[in-house]
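Chain by chain, the residues:
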Amino acid sequence: MVCPYSQAVQRSPRMQRSTPRIPSFEQSLNQTGLAQRQPIERNAPLARLYEDALHYEPGTAISSTGALIARSGAKTGRSPRDKRVAEEASTVDDVWWGPVNKKLSEESFAVNAQTALDYLNTRDRLYVFDGFAGWDTRYRIKVRVVCARAYHALFMNNMLIRPTADELADFGEPDFTIVNAGQFPANRFTKGMTSPTSVAISFERRQMVILGTEYAGEMKKGVFTVMHYLMPKAGVLSLHSSCNEGPKGDVSLFFGLSGTGKTTLSADPARKLIGDDEHVWTDTGVFNIEGGCYAKAVDLSAEKEPEIFNAIRFGSVLENVIYNGESRVVDYSDTSITENTRCAYPIEYIPNSKVPCIGG
């Protein structure tokens, strides 16, 4: 079956594959432009990511329930004013240009991409996570994340659909690659840049490049942006919603902007959770795009939201929370760093989740 990304961009000869042969991981990584001089951890075990984050990333700790506590630096939320989409011949007529989708020249995107790669090539260690977006195999795409922080690798391990050992061995070339060099700023003198932060997508190059922000949510939203572009071209509807399923197979969708309660409403102990944020409606039902949930953590408690509270354990990522230095107990009411405290966890950490995450 042809990947929906290939179907959606078949007009672009640069994005067509000439051979069905599956390249090795090293061969596919070469196409990214990485020098591969340093150790590269691919889909590293959770414990290894914990060890590296604790050793190399200041401000990291383990909570009393076993979650990794991470700091995202100066940026504690997404940077919508710094988001750009490359203006390319193959896609220029398919993007709704305006204050949300701002144009970036192909040349400026190339400059930022090279800047990101140059930075990553100087790091002592890198992380790669290969996973999927979309539980319905008819529409799923292969996503590769390249980053220099263990926190980012663990975050995307939770948010993408985790491949089996066989799927990872046959992964081959990704359909889309996120190059996260968020620790390094964009050059403000590059045409189209208005700050040291740049979050840019090129559908032609099948890349997302991040500079000047370490907030992990940019990667999650980038995958959703790609699926928003691809799914309508495949004849299905992408939705910013949460979703659950009743005992009789009835499916409910909860629509709303970020932080309005989608995750809370969908985590109903009487219904099966399909997903908390990103879905696609097809002719046969609804499927989740993600492999995990990204919940607001402010004022979280076991009494108000027991399913989410209990999902915060080994393997989960807590962002920008305050905790007791002795007990490592998190104070979810403390918003001194940001009101946008978050937790990312695999969807199976919710006891009544439905896996595979498909309903209808």
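Undergrad: Account for the sheet that holds strand E8 (residues 176–181), with residues named and values stated.
TA: One open sheet holds the 8 strands; their spatial order is E1-E6-E7-E8-E10-E9-E4-E5, and the pairing between them is mixed. Both edges of this open sheet fall to strand E1 (40–42) and strand E5 (102–104), since each of them pairs with a single strand only. Adjacent strand axes in the sheet meet at a mean angle of 25° when their direction is disregarded. Running over the sheet, helix H4 (residues 106–120) touches strand E4 (83–86), E5, strand E6 (126–133), strand E7 (141–147), E8, strand E9 (198–202) and strand E10 (207–211) and is turned about 65° from E10. Seen against the sheet, helix H7 (residues 217–233) touches E4, E6, E7, E8, E9 and E10 and runs at an angle of roughly 150° to E7.

Undergrad: If you had to explain empty space enclosed by the protein to someone new, which residues and values would you point to?
TA: Within the structure shown, the criterion is met by 2 cavities of 30 Å³ or more. The calculated volume of the largest cavity comes to roughly 50 Å³. As for the largest cavity, its lining consists of Met156, Met159, Leu160, Lys220, Val223, Glu278 and Glu290. Counting only elements with at least two residues in the lining of the largest cavity, the list comes to helix H5 (150–159) and H7. Estimates place the volume of the second largest cavity at around 30 Å³. As for the second largest cavity, its lining consists of Arg78, Lys83, Val199, Met208, Glu218, Lys221, Gly222 and Thr225. With 4 residues, H7 is the largest single contributor of residues to the lining of the second largest cavity. Of the residues assigned to the lining of the second largest cavity, the class counts are 2 nonpolar, 2 polar and 4 charged.

Undergrad: Any chance you could break down H7 for me, citing the residues and the numbers?
TA: When the terminal C-alpha atoms of H7 are compared, their 25 Å separation across 17 residues agrees well with the 24 Å that a helix rising 1.5 Å per residue should span. For H7, the tally of buried residues reaches 14 of 17 residues, placing the bulk of the element in the interior. Immediately beyond the C-terminal end of H7, within one or two residues, lies Gly235, with a positive phi of roughly 85°.

Undergrad: Which residues make up the packing of H5 against H7, and what are the values?
TA: In a pair of packed helices, the angle between the axes and the distance between the axes together describe the arrangement. For the pair H5 and H7, interaxial distance at closest approach is 9 Å and the crossing angle is 40°. If you check the angle between H5 and H7, you find them oblique. Every pair of crossing elements has a handedness; the one defined by H5 and H7 is right-handed. Contacts between H5 and H7 involve His152, Phe155, Met156 and Met159 from the first element and Gly217, Met219, Lys220 and Val223 from the second. Of the residues in the contact of H5 with H7, the class split is 5 nonpolar, 2 polar and 1 charged.

Undergrad: Run through the layout of surface pockets, naming residues and quoting values.
TA: Gaps left between atoms show up when a probe the size of a water molecule is rolled over them. By volume, the largest pocket is sized at about 550 Å³. Residue lining of the largest pocket: 20 residues in total, with Lys83, Val100, Asn101, Thr225 and His228 positioned closest to the centre. Contributions of two or more residues to the lining of the largest pocket are made by E4 and H7. The element contributing the most residues to the lining of the largest pocket is H7, with 7 residues. Here the lining of the largest pocket is composed, by residue class, of 10 nonpolar, 5 polar and 5 charged.

What counts and what doesn't
- Residues numbered from 1 in each chain as written.
- Predicted model: local features only at pLDDT ≥ 70, side-chain atom pairs only at ≥ 80, totals over all residues.
- Heavy atoms only, no water.
- Pairing = 2+ DSSP bridges.
- Helix = DSSP H or I, 4+ residues; strand = E, 2+ residues; numbered from the N terminus.
- Axes fitted to C-alpha atoms, helices over the stretch in contact; angles between N-to-C directions.
- Contact = heavy atoms within 4.5 Å.
- 1 Å grid on protein atoms, 1.4 Å probe; cavity = no way out; pocket = protein on both sides within 12 Å on 5 of 7 lines; lining within 4 Å.
- Points joined across faces, edges and corners; volume = space filled by probe spheres on them.
- Nonpolar A, V, L, I, M, F, W, Y, C, P; charged D, E, K, R; others polar.
- Expected span 1.5 Å × (residues − 1).
- Buried < 20%, exposed > 50% of the residue type's maximum accessible area, 1.4 Å probe, protein only.
- Parallel < 35°, antiparallel > 145°, perpendicular 65-115°, else oblique.
- Left-handed = near helix turned anticlockwise from the far one by under 90°.

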